[in-house]
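Observations on chain architecture
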Amino acid sequence: MTVCDRLRPFGTTIFTEISRLAAEHRAINLAQGFPDFDGPEHVKQAAIEAVRAGHSQYARMAGTLELCRSVADYFSREAGLSFNPETDITVTAGCTEAIAAALLGLLNPGDEVILFEPYYDSYRASVALAGGVPRFVTLRGPGFEFDPAELSRAVSPRTRAVLVNTPHNPTGRVFTRGELQSIADLCLRHGLVAIVDEVYERLVYGGPSSHVRLASLPGMAERTLTLSSLGKTFSLTGWKIGWAVGPAELSSAVRAAHQFLTFAVSTPMQHAAAAALDSPPAYFDELVTSYRSKRDFLADSLRRIGFTFRDPEGSYFIYADHRPVSARLGLTTDVEMSKHLIERIGVAAIPPSVFYEDKAEGSKYLRFAFCKKDETLAAAVERLRSLA
Ligand code: GLN
């Protein structure tokens, strides 16, 4: 009754809901995507030193210049793209704030935004908060590619932006250069802004496609906001440090909203975030090696039980068709299957139909997170084996 019309349809986010159920039933949580291990010592040490040094007052509204410079250097090293730390980078409270600030800063009421479904749930809620209208393009299994003709059909004279997430949550896909080029062509043809969520940018396991930044395609740096964060790359999801990177004009829209959402983000953590981004290449290599082995273990185990899926090329999720397993139990939907797993088996996974306009499409799948200690994954698999 008290929640406004814009937000009432979204209820409580599925991540909170399932984590609560997992705790209630003492289920192993392979649902919400957060590591059950700690972030790197050198980054924690940098945070402790920043607190001790008294970096305790409001930071610059758009982010400490030190962190903005580190983000700019990171982009120039990783993508060969050059950004001005003063005007082109905005530090936000995690990527989730960057998404909201970008949409709130860019959309007028009635402006349309193209979303690929399944989508991270905050996208749709943030479009609604901004008074925008979502248009959907479906990624369909087993490969979760999109149909470029469907993408073209989603454009209307009211389209303002397309929101892309690669590597993709929840499917684990990494969009190919060809797919990104077709999105770029569309943006250039219709004058659209691209908003790209790249939080899983470093979690790529070497499939057919390596991670390509949409902003690096010809003509796109001028019209792309790239969003990312510390959380996934440094196993620090609770620090909530993210950033939006794009030309001054687009960044000024992000800042217009950010200044009234959070104004500025935790100062000492920004100091530590700068240290994180300056980590040596070996740090990133070890992260990928460790996640690849977790992915392989969980993928192999889930397949033996009967789930079907292609190995994720990126992210820390396995997006599995549960129907061969749920059919044996007389269950049909993702919600039924997730409930059964939590209550009877003691393992939590995300039922993803909430990530779709077309609920029936999402009802076939469950999302399992493998950002967990090896022993957590082993214990979960031990429980899941009873389904085989
Ligand atoms: N991004 C994380 C996931 O997909 C969770 C984010 C959240 O809990 N808000 O699991």
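I will try to describe carefully the structure that is included in this document. (Residues numbered from 1 in each chain as written. Predicted model: local features only at pLDDT ≥ 70, side-chain atom pairs only at ≥ 80, totals over all residues. Heavy atoms only, no water.)

A word on the pairing of strand S8 (residues 242-245)
The condition that has to hold: Note on classification: 1.4 Å probe, protein chains only; a residue is buried when its accessible area is under 20% of the maximum for its type, exposed when over 50%, partly exposed between these limits. What counts as a helix is a DSSP run of H or I of at least four residues, what counts as a strand is a run of E of at least two, and both are numbered from the N terminus. Two strands are counted as paired when DSSP detects at least two bridges linking them.
Residues Gly242 and Ala244 point to one face of S8 and Trp243 and Val245 to the other, with burial holding for every one of them. When strand S7 (residues 224-229) meets S8, the two strands line up antiparallel, connected through four bridges. Counted as the bridge partner of serine 228 is tryptophan 243 from S8.

Considering the side chain of threonine 267
The criterion, for reference: The contact definition used throughout considers only heavy atoms, calling two residues in contact when any of these lie within 4.5 Å.
Looking at where threonine 267 falls in the secondary structure, it is placed in helix H9 (residues 267-277). Excluding its chain neighbours within four sequence positions, the residues that come into contact with threonine 267 are His55, Gln57, Tyr58 and Ala59.

A word on the pattern of salt bridges
The criterion, for reference: The salt bridge criterion pairs a side-chain nitrogen of Lys or Arg with a carboxyl oxygen of Asp or Glu, the two atoms within 4 Å.
All chains considered together, the criterion is met by 21 salt bridges. The closest approach of N and O atoms between arginine 310 and glutamate 145, which form a salt bridge, is 4.0 Å. A residue pair is termed long-range when its members are at least 10 positions apart, and arginine 310 in the loop between helix H10 (281-305) and strand S9 (317-321) and glutamate 145 in the loop between strand S4 (133-138) and helix H6 (148-153) qualify at 165 residues. The salt bridge partner of aspartate 300 is arginine 304, with a shortest N-O separation of 3.1 Å. Pair noted here: aspartate 300 and arginine 304 are both in helix H10, with a separation of four residues, about one helical turn. With relative accessibility at 37%, the residue aspartate 300 sits in the partly exposed group. Under the relative-accessibility criterion, arginine 304 is labelled exposed at 64%.

Quick word on the site of the ligand
What counts here: Residues are counted as near a molecule or strand when any one of their heavy atoms sits within 4 Å of it. Each polar contact in these results corresponds to two N or O atoms within 3.5 Å; when the atoms are within protein, one needs to be able to donate a hydrogen and the other to accept it, and residues that are neighboring in sequence are counted only if both atoms are side-chain atoms. With residues, only the protein chains shown are counted as cover, and all accessible areas are computed by Shrake-Rupley using a 1.4 Å probe.
Around the ligand, the structure places Phe15, Gln32, Gly33, Tyr120, Asn169, Tyr200, Lys232, Phe317 and Arg367. In the model, an oxygen atom of the ligand is placed 2.7 Å from a nitrogen or oxygen of the glutamine 32 side chain. Contact between the ligand and glycine 33: an oxygen atom at 2.7 Å from a main-chain N or O atom of the residue. Against a free-state accessible area of 290 Å², the protein chains account for coverage of 80% of the ligand.

With respect to the state of the cysteines
What counts is decided by this rule: In what follows, a disulfide is any cysteine sulfur pair within 2.5 Å.
In total, this model carries zero disulfides according to the counting rule given. Unpaired in this structure, cysteine 68 has its nearest cysteine sulfur neighbour in cysteine 95, at a distance of 15 Å. Here cysteine 371 is not disulfide-linked; the sulfur of cysteine 95 is the nearest cysteine sulfur, at 16 Å. On the accessibility criterion, cysteine 371 (0% relative accessible area) is buried.

With respect to a nonpolar patch on the surface
What counts here: Only residues whose relative accessible area exceeds 30% and that take part in no salt bridge are eligible for patches, with like-charged residues grouped when within 9 Å of each other and nonpolar side chains (Val, Leu, Ile, Met, Phe, Trp, Tyr) grouped when within 5 Å.
On the surface, a cluster of nonpolar side chains totalling about 350 Å² of accessible area is made up of Val3, Leu7, Leu104, Leu129 and Leu261. Tracing the backbone shows valine 3 in the segment before helix H1 (14-24).

Concerning the packing of H10 against helix H14 (residues 374-384)
Stated precisely, the cut-off is as follows: Where helices are involved, their axes are fitted lines through C-alpha atoms of the stretch in contact, as for all axes, and angles between N-to-C directions lie from 0 to 180°. An angle below 35 degrees is read as roughly parallel, one above 145 as roughly antiparallel, one from 65 to 115 as roughly perpendicular, and any other as oblique. Residues are sorted three ways: Asp, Glu, Lys and Arg are charged, Ala, Val, Leu, Ile, Met, Phe, Trp, Tyr, Cys and Pro are nonpolar, and all the rest, Gly among them, are polar.
Where H10 contacts H14, the two axes come as close as 10 Å, and the packing angle between them is 0°. Here H14 runs roughly parallel to H10, going by the angle between their axes. Of H14, the residues touching H10 (which contributes Lys294, Phe297, Leu298, Ser301, Leu302 and Ile305) are Asp374, Leu377, Ala378, Val381 and Leu384. When grouped by side-chain class, the residues that make up the contact of H10 with H14 number eight nonpolar, one polar and two charged.

A short note on the pairing of S9
Burial of S9 is extensive: five of the five residues sit out of reach of the surface. Burial along S9 is two-sided: Phe317, Tyr319 and Asp321 facing one way and Ile318 and Ala320 facing the other are all buried. Where S9 meets strand S11 (residues 365-369), five bridges bridge the pair, whose relative direction is antiparallel. When the sheet's bridge partners are listed, isoleucine 318 is paired in S11 with phenylalanine 368.

Quick word on the packing of aromatic side chains
To keep things clear, this is the line we draw: Pairing of aromatic rings covers Phe, Tyr and Trp, the last counted by its six-membered ring, and requires centre-to-centre distances within 6.5 Å; plane angles under 30 degrees mean stacked, over 60 mean edge-to-face, and any other angle means tilted. Only when the NZ of Lys or the CZ of Arg is both within 6 Å of the ring centre and within 35 degrees of the ring normal is a charge said to sit over the ring.
In the structure shown here, the tally under the stated rule is 24 aromatic pairs. Ring centres 5.9 Å apart and planes at 80° place the aromatic pair tyrosine 58 and phenylalanine 263 in the edge-to-face group. In this pair, tyrosine 58 is assigned in the loop between helix H2 (41-52) and helix H3 (65-79) and phenylalanine 263 in the loop between helix H8 (248-261) and H9, connecting sequence segments 205 residues apart. Take phenylalanine 263: its relative accessible area is 35%, and that puts it in the partly exposed class. For the ring pair phenylalanine 234 and tyrosine 283, a centre distance of 5.2 Å and an interplane angle of 10° mean the geometry is stacked. Pair noted here: phenylalanine 234 is in the loop between S7 and S8 and tyrosine 283 is in helix H10, with a separation of 49 residues, a long-range link. With relative accessibility at 1%, the residue phenylalanine 234 sits in the buried group. Ring pairs connect the aromatic residues Phe37, Tyr200, Tyr205, Tyr291, Tyr316, Phe317 and Phe370, which therefore count as one cluster. Positioned above the aromatic ring of phenylalanine 75 is the side chain of arginine 213, whose terminal nitrogen or guanidinium carbon lies 5.3 Å from the ring centre.

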